[in-house]
Amino acid sequence: MKVLLHISRILVGSLFFISGLIKANDPLGFSYKLHDYFAADVLNLSIFDPWALEIAVIVTVVEIVLGMAILAGIKGRLVSWLLLLMIIFFTFLTFYSAYFDKVTDCGCFGDALKFTPWQSFTKDVVLLSLILIIFIGKKQISLNSPKLMGIYFALSAILIAAFGVGVISWTMTPLGWFTLGFALMVPISIYLKHQAKDWAALIGLSVLYFVMCFWSIQHLPGRDFRPYAEGLNIKEGMSIPEGQNAPEYAVVYTMKHAQTSEIKEVDSKTYISSGIWEDSNWEITETSHPILLKEGYEPPVHDFILSSDENGDVTDWILDADQQLLIVMYNLNETNESNIAKIKELIAGFKSKGIPVYALSASLSEEISAFEAKHQLGIEYISADGTMLKTTVRGNPGLMYLEKGTVIKKASHNDTWDFDAFSESYL
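What you see is a predicted model; the values in this text were computed from it and never measured.

**Observations concerning the overall build of the chain**
When its secondary structure is counted, the chain shows 15 helices and 12 strands. Its C-alpha atoms give the chain principal-axis dimensions of roughly 70 × 70 × 45 Å. For the chain, the residues scored as buried account for 47% of the 427 residues in total. Look at the contacts in the chain between residues 6 or more apart in sequence, and 73% of them connect residues 24 or more apart. Carbon and sulfur atoms form 59% of the exposed surface of the chain, whose accessible area is close to 21300 Å². Where the 31 positive side-chain charges of the chain centre and where its 45 negative ones centre are 16 Å apart.

**Describing the sheet that holds strand β3 (residues 263-267)**
Hydrogen bonds between backbone groups are what pair the strands of a sheet, and the pairing can be parallel or antiparallel. Judged by pairing direction, the sheet is antiparallel, and its 3 strands sit side by side in the order β3-β2-β4 without closing on themselves. The open sheet is flanked by β3 and β4 (282-287), the only strands paired with a single partner. Direction aside, neighbouring strands of the sheet carry axes that sit 35 degrees apart on average. Bridge count for strand β2 (residues 252-257) against β4 is 5 bridges, and the pairing is antiparallel. Note that in β4 the partner of Lys 256 across the bridge is Glu 283.

**With respect to the packing of aromatic side chains**
In the structure shown here, the tally under the stated rule is 28 aromatic pairs. Relative to Phe 422, the ring of Tyr 401 has its centre 5.4 Å away and its plane inclined at 90 degrees; by these criteria the two rings are edge-to-face. Taken as a pair, Tyr 401 in strand β11 (residues 398-403) and Phe 422 in helix α15 (residues 419-426) lie far apart in primary sequence, 21 residues in all. Phe 422 matches Tyr 401 in its accessibility class, with the two residues each being buried.

**Some points on the pattern of salt bridges**
In the structure shown here, the tally under the stated rule is 13 salt bridges. Residue Arg 394 pairs with Asp 26 through a salt bridge whose shortest N-O separation is 2.9 Å. With Arg 394 in the loop between α14 (386-392) and β11 and Asp 26 in the loop between α1 (2-25) and α2 (27-38), this pair connects stretches of sequence that are 368 residues apart. No difference in accessibility class separates Arg 394 from Asp 26, as the two residues are buried. Here Lys 123 and Asp 124 are joined by a salt bridge, their closest N and O atoms 2.9 Å apart.

**Side note on the side chain of Thr 406**
Among the secondary structure elements, Thr 406 is positioned in strand β12 (residues 406-412). A polar contact of 2.9 Å, which involves the side chain of Thr 406, links it to the side chain of Asn 233. Apart from the residues lying within four places of it in its own chain, the contact partners of Thr 406 are Gly 231, Leu 232, Asn 233 and Tyr 401.

**Brief notes about α15**
Working note: α-helix, 3.6 residues per turn, so residues spaced by three or four point in the same direction. Every buried residue belonging to α15 is among Phe 419, Phe 422 and Ser 423, and all of these are buried. Viewed end-on, α15 has its buried residues packed into an arc of 100 degrees, placing them on one side of the element. In this structure, α15 carries Asp 420, Glu 424 and Ser 425 as exposed residues pointing more than 90 degrees from its buried face. Structurally, α15 contributes buried residues whose contacts are with α12 (340-352), β11 and β12.

**Some words on the nonpolar core**
Most often, soluble globular proteins keep nonpolar side chains buried together rather than apart. Core analysis: the largest hydrophobic core is formed by 62 residues, its most contacted members being Met 68, Phe 178 and Tyr 209. For this core, the elements supplying multiple residues, two or more each, are α1, α3 (52-72), α4 (76-99), α5 (117-136), α6 (146-167), α7 (173-191) and α8 (197-218). In terms of nonpolar packing, the next biggest core, distinct from the first, is built from 24 residues, Tyr 32, Val 314, Val 328 and Val 393 among them.

**Concerning a nonpolar patch on the surface**
Together, Leu 78, Trp 81, Leu 82, Leu 85, Trp 199, Ile 203, Val 207 and Val 211 make up a nonpolar patch on the protein surface, roughly 770 Å² of accessible area in all. Every element with two or more residues in the nonpolar patch is listed here: α4 and α8. Its place among the elements puts Leu 85 in helix α4.

**Focus: the pairing of β11**
Of all 6 residues in β11, 5 are buried, a share of seventy percent or more. Note: strand β8 (residues 324-328) against β11, 5 bridges, orientation antiparallel. Within β11, the position partnered with Gln 324 by the bridge is Leu 402. Looking at chain direction, β11 and β12 are connected through 6 bridges and run antiparallel. Bridge assignment links Met 400 to a residue of β12, and that residue is Lys 410.

Calculation notes
Residues numbered from 1 in each chain as written. Predicted model: local features only at pLDDT ≥ 70, side-chain atom pairs only at ≥ 80, totals over all residues. Heavy atoms only, no water. Helix = DSSP H or I, 4+ residues; strand = E, 2+ residues; numbered from the N terminus. Buried < 20%, exposed > 50% of the residue type's maximum accessible area, 1.4 Å probe, protein only. Contact = heavy atoms within 4.5 Å. Areas by Shrake-Rupley, 256 points an atom, 1.4 Å probe, with all protein chains shown as cover. Lys, Arg positive; Asp, Glu negative; His and termini not counted. Charge placed at Lys NZ, Arg CZ, Asp CG, Glu CD. Pairing = 2+ DSSP bridges. Axes fitted to C-alpha atoms, helices over the stretch in contact; angles between N-to-C directions. Phe/Tyr/Trp six-rings, centres within 6.5 Å; stacked < 30°, edge-to-face > 60°. Salt bridge = Lys/Arg side-chain N within 4 Å of Asp/Glu carboxyl O. Polar contact = N/O pair within 3.5 Å; in protein donor to acceptor, adjacent residues only side chain to side chain. Arc of directions from axis to C-beta. Core = buried A, V, L, I, M, F, W, Y, C linked by side-chain atoms within 4.5 Å. Patch = residues over 30% accessible without salt bridge, like charges linked within 9 Å, V, L, I, M, F, W, Y side chains within 5 Å.

In structure tokens, the structure reads:
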């Protein structure tokens, strides 16, 4: 039992740490996933929508701290209870999402590693089994001796480094954050001569990873796992490789016969091929979400569509241009205006070089007019899907400099570039 307990603690602690660290790298992305779960057709918890970011940060920090605490043996009984309650909730959530096809990606590992709903549930069942072993043996868990602490650190460090380099291609950064956390936690928990030293160690860890979350929110994720990362070409991300076929989707129509009141379901392909659409007796009463008919290659970029009131679809026009500066403001009502003056200076600099600048937004035309009247950016506003814009850059506003569709440089509004310095390096 002792061997199983040691193995379970190392596996659970390492996995909780790396999962939490990926979320801490991009708390905004995790908060967007929480919005999906809070939706009326999922958990119907829209009351929590305004607090999604705060909840995301708290869950993230708790996940990391619990992982490191179970590795060190700090507050073994309390941590075992919290791990069990947390995994029971997540297991229910992933089962609910998978069974009822509600949220297609749990966000467990952010954009770094995608799981299908049933894969997420399976992962949580395995974790639940390991945590049950920890829970059963919770009375045996106490603060590690210095020797055992070293063994736990070494084995967990190997797992975390292997996962970071081999699975999510995040070099050695996760190992660095893990080492930093251990270096903070261990001296406090072992050498501090105070009865509250365990709590001091946990509080110290919490502060460290709260700072990481805050930095990521104020700037950009330290590691960008999305298909809009610097150096990637958006147009290439939209293409399907030669020899691959696109997946086939359809929607299911619930139809009712006007004379007999018979009800039946027909997918959109059958709806056309069978000719039922020509029969006026059949009326569509409900339309489902798209369903997958045939698996195929799904391009990493599949919703980058830009449209202009004057020119219609301008996606290719934007992506084929030699140079572009895009100001991403997915929701103008929520746009942070603290750095608008700096952005206006940047826009003026790009225009002086003859480089076009556009604002991308999902806001309505009247909201755009009001925003432009207030700030007078003097640029054209292009419409795009709000979810896609949130994915391109974690900032509202956010900056993207493109050359022939390749993302050369990105920034949050808090890091708005000085045009002269930017020009020397990139123009």
